[in-house]
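In case you want the letters, here they are:
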Amino acid sequence: MRLILLGPPGAGKGTQAVSISDRYNIPHISTGDIFRFNIKNNTPLGLKAKEYMDKGLLVPDEVVVEIVEDRLKNDDCKQGFLLDGFPRTVNQAKELENVLGKMDTELNKVINIQVDKKILVERAVGRRICRDCGSTYHIRFNPPAEEGVCDLCSGELYQRDDDNEKTVAKRIEVYLSETEPLINFYDEKCKLSTLDGAKAISQVFDEIVEVLEGNTK
Ligand code: AP5
Ligand code: MG
Ligand code: ZN
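Residues numbered from 1 in each chain as written. Chains lettered and ligands numbered in written order. Predicted model: local features only at pLDDT ≥ 70, side-chain atom pairs only at ≥ 80, totals over all residues. Heavy atoms only, no water.

Draft legend 1. The coordination of the zinc ion (ligand 3), seen in detail. Protein coordination of the zinc ion (ligand 3) is provided by Cys 130 (SG), Cys 133 (SG), Cys 150 (SG) and Cys 153 (SG), with donor distances spanning 2.2 to 2.4 Å. Geometry at the zinc ion (ligand 3) is tetrahedral, judged from its 4 donor atoms and the angles of 96 to 115° they form at the metal. Here the donor residues for the zinc ion (ligand 3) map to a single chain with the spacing C-x2-C-x16-C-x2-C. Residue Cys 150 is classed as buried on the basis of its relative accessible area of 3%. (Donors = N, O, S within 2.8 Å, 3.2 Å for Na, K, Ca; no water. Tetrahedral: all angles 85-135°; square planar, octahedral: opposite > 155°, others 65-115°. Buried < 20%, exposed > 50% of the residue type's maximum accessible area, 1.4 Å probe, protein only.)

Structural data, given as structure tokens:
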């Protein structure tokens, strides 16, 4: 299964990606996570990406496309993959088509998680992430059993640098101008399924499974 998760910042892409990746045994490829890993390790890529991420702006297309192209060549992508946060511009989507064309394959589905702007800011600002295993929580909507501590590995929970109100607002603005046009782009290719991401985490997941395994569009 070759899938894309589309949706604004805070829509729940990362949260759902973990369950989808588990169920279908496909790698979860998040360009945001790749950048954060590079920032943590002080690589040249990390330094470059941080300049943009801290401002809520997109990292330039050519940088992102090269990373994804390399990643998709890995053996673990042979049975499929789940892209989270890529593509994010029409140009990236076209580049992805080229890359998949060269690999003689194509996408199965683009899942668009729709959430109202008012909820997005609260979701992003309340998000906490485990430093050790990367699990995602929310201080209100999905709190850990013990504050600041990961349920799965007891790692320390932290807040992303770009999860403050000002940067989240900018990220939403960038999403609307640069990424939202992808909804039409994939709808025209009959690849798109749109879901209501305001529902509970488990309910959104059930609907994703229904889209992938049932007959609903
Ligand atoms: P990235 O890391 O991809 O961030 P994003 O797209 O802004 O999305 P988020 O990770 O904020 O949201 P999410 O949808 O994953 O939500 P989550 O599941 O965590 O990108 C960061 C930056 O990297 C970009 O700004 C850009 O600079 C750069 N970048 C990355 N990819 C790029 C690309 N392709 N091109 C150029 N630049 C790129 O959920 C959020 C919170 O809500 C959590 O706390 C969660 O617990 C909670 N939650 C989730 N679902 C629900 C629910 N149903 N109900 C209640 N709470 C929920
Ligand atoms: Mg994410
Ligand atoms: Zn953890």
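Draft legend 2. Summary view of the site of ligand 1. Among the 34 residues in the neighbourhood of ligand 1, the closest are listed as Thr 15, Leu 57, Arg 88, Arg 127 and Arg 171. The contact in question runs from a nitrogen atom of ligand 1 to an N or O atom on the backbone of Gly 85, over 2.9 Å. Protein burial of ligand 1: of its 1,000 Å² of free accessible surface, 96% is covered by the chains. At the level of secondary structure, the elements contributing two or more residues to the shell around ligand 1 comprise α1 (13–24), α2 (31–40) and β6 (136–138). Examining the composition of the shell around ligand 1, we find that 4 residues originate from one element, α2, more than from any other. (Near = heavy atom within 4 Å. Polar contact = N/O pair within 3.5 Å; in protein donor to acceptor, adjacent residues only side chain to side chain. Areas by Shrake-Rupley, 256 points an atom, 1.4 Å probe, with all protein chains shown as cover. Helix = DSSP H or I, 4+ residues; strand = E, 2+ residues; numbered from the N terminus.)

Draft legend 3. Focus on the nonpolar core. If you look at the biggest cluster of nonpolar residues, it comprises 29 residues, and the most contacted ones within it are Leu 72, Phe 81, Leu 83, Leu 96, Leu 107 and Tyr 186. Sort the elements by how many residues they give to this core and helix α4 (residues 61–72) lands first, with 6 residues. Excluding anything up to four places from it in sequence, Tyr 186 contacts Ile 4, Pro 87, Ala 93, Leu 96, Leu 107, Val 110, Lys 191 and Leu 192. (Core = buried A, V, L, I, M, F, W, Y, C linked by side-chain atoms within 4.5 Å. Contact = heavy atoms within 4.5 Å.)

Draft legend 4. Representation of α2 in the model. Taken residue by residue, α2 has Thr 31, Gly 32, Phe 35 and Asn 38 as its buried positions. In a view along the axis of α2, the buried residues occupy a sector of 125°, so they form one face of it. Those residues of α2 that are exposed and aimed more than 90 degrees away from the buried face are Phe 37 and Lys 40. Buried residues belonging to α2 abut β2 (28–30), α3 (44–53), α4 and β3 (81–84). (Arc of directions from axis to C-beta.)

Draft legend 5. Local environment of helix α6 (residues 117–125). Along α6, the residues that are buried comprise Leu 120, Arg 123 and Ala 124. Seen along its axis, α6 keeps its buried residues to an arc of 90°; they face one direction. Residues of α6 that are buried make contact with β5 (127–130), β6 and α7 (165–179).

Draft legend 6. Representation of the packing of aromatic side chains in the model. As enumerated under the stated definition, the model contains 1 aromatic pair in all. Where Phe 185 meets Tyr 186, the ring centres are 5.0 Å apart and the plane angle is 90°; that geometry is what we call edge-to-face. One exposure class covers both Phe 185 and Tyr 186, and it is buried. (Phe/Tyr/Trp six-rings, centres within 6.5 Å; stacked < 30°, edge-to-face > 60°.)

Interpretation note: all reported values are geometric properties and have no functional meaning in isolation.
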